[in-house]
Amino acid sequence: MNRYEYTMGKDVDLKAEQEKTLRTPVMKSNLILKSMFLMMDILYGFKRTLPKFMIIEVLARYPYWAWENGGYKIVTKSHTKRKWATRKESDLALYLIDLGRDSQDNEQWHLMLIQDIMRQKEMRLGWLKMKCIPRFLAGTYYYLTRFMWAMNPKWSFRMNAAFESHAEHEYMKLVDENPEWEYETVDSEYFQFYPAQTSMANLFRRIGLDERDHMNHSLEAIEKMNN
Ligand SMILES: [Fe+2]
Ligand SMILES: [Fe+2]
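Each chain carries its own residue numbering, running from 1 in the direction its sequence is written. The naming scheme follows written order: chains are lettered A onward, ligands numbered 1 onward. Where totals are concerned, whole chains, interfaces and linings use all residues; where local detail is concerned, this predicted model gives features only for residues with pLDDT of at least 70, and gives and counts side-chain atom pairs only at 80 or more.

*Asks:* Can you tell me about the nonpolar core, naming the residues and giving the values?
*Replies:* Most often, soluble globular proteins have nonpolar side chains that are buried together. Within the largest apolar cluster, 37 residues are counted, with the highest numbers of intra-cluster contacts made by Ile56, Leu59, Trp67, Tyr171, Val175 and Phe204. Working definition: helices are DSSP H or I runs of at least four residues, strands are E runs of at least two. Numbering for both runs from the N terminus. Those elements that provide at least two residues to this core are helix H3 (50-78), helix H4 (87-120), helix H5 (127-151), helix H6 (153-177) and helix H7 (200-226). In terms of residue count, H3 provides more of this core than any other element does, eleven residues in total. Ignoring sequence-local partners within four residues, the contact set of tryptophan 67 consists of Leu96, Leu99, Gly100 and Trp149. We define the nonpolar core as any set of buried residues of the types Ala, Val, Leu, Ile, Met, Phe, Trp, Tyr and Cys, connected via C-beta atoms lying within 7 Å of each other. Residues with at least 20 neighbouring C-beta atoms inside 10 Å of their own are called buried, those with 12 or fewer are called exposed, and the rest are partly exposed, where every C-beta is derived from the backbone. Here contacts are defined at the residue level, using C-beta atoms placed from the backbone and a cut-off of 7 Å between them.

*Asks:* Can you tell me about the packing of H3 against H6, naming the residues and giving the values?
*Replies:* Angles run from 0 to 180 degrees between N-to-C directions of axes, and those axes are lines fitted to C-alpha atoms, restricted for helices to the stretch in contact. One way to put it is that H3 packs onto H6 with a least axis distance of 11 Å and a crossing angle of 155 degrees. Looking at the two axes, H3 sits roughly antiparallel to H6. Crossing of H3 over H6 shows left-handed handedness. Each of Ile56, Ala60, Pro63, Ala66 and Gly70 in H3 lies in contact with H6, whose residues at this interface are Pro153, Ser156, Asn160 and Ala167. Of the residues belonging to the contact of H3 with H6, the class tally is six nonpolar, three polar and no charged. For this classification, under 35 degrees means roughly parallel, over 145 means roughly antiparallel, 65 to 115 means roughly perpendicular, and everything else is oblique. Helix crossings get a hand from a simple test, with the near helix turned counterclockwise from the far one by less than a right angle marking a left-handed crossing and a clockwise turn marking a right-handed one. Gly is placed with the polar residues, together with every amino acid not listed as nonpolar (Ala, Val, Leu, Ile, Met, Phe, Trp, Tyr, Cys and Pro) or charged (Asp, Glu, Lys and Arg).

*Asks:* Quick one: what's the story with unusual backbone geometry, residue by residue and with numbers?
*Replies:* Despite not being glycine, glutamate 122 shows a phi value in the positive range, around 55 degrees. On the secondary structure map, glutamate 122 appears in the loop between H4 and H5. When the 6 C-beta atoms within 10 Å are taken as the criterion, glutamate 122 is described as exposed.

Take a look at the structure:
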């Protein structure tokens, strides 16, 4: 039996899951992540606000893209040698490609939903915070995640697990800090792609829970690499 419990697509008690997160310690971040989170705090303020979560979601997709890319590199290498590709090589490549694609989709819906809510709430940001800084961070994280993967896939999974654990806790704390969201209804055209929620509180609990699933996927990937 898989010791990692996944919640996506399941009917779960979101409030109970939020409490579970708040009782669980956040994973320890490495120096790179710590510096990144500090930079976000300095640039976007120490309070938990939607623009900060928008930045998290802009970045969140990149490690998965690096893994998907890594999976395709394995396909190319294993299918362009004199010996036939083995099932083990194909399985690893397919695992990375599937994990990479599914998680990127999930992160992109998070980003689109958050920005749609910011649009509805007319939370406008200036040129620097909306365009310049996110693009700079995205460019940096693109190279960083690929470098980590190339150096050691396990480092890449470990760093992402800590990133996701941080995101999970931040979302659950955000809901805790906004008790009025319990009664605030939410609607978005992106519910065409993502499980629609009845309240703002439940939407952000669900997103936080997705981040816990992402963390578990990364931890499970480390185990797979060890076997
Ligand atoms: Fe996310
Ligand atoms: Fe995530």
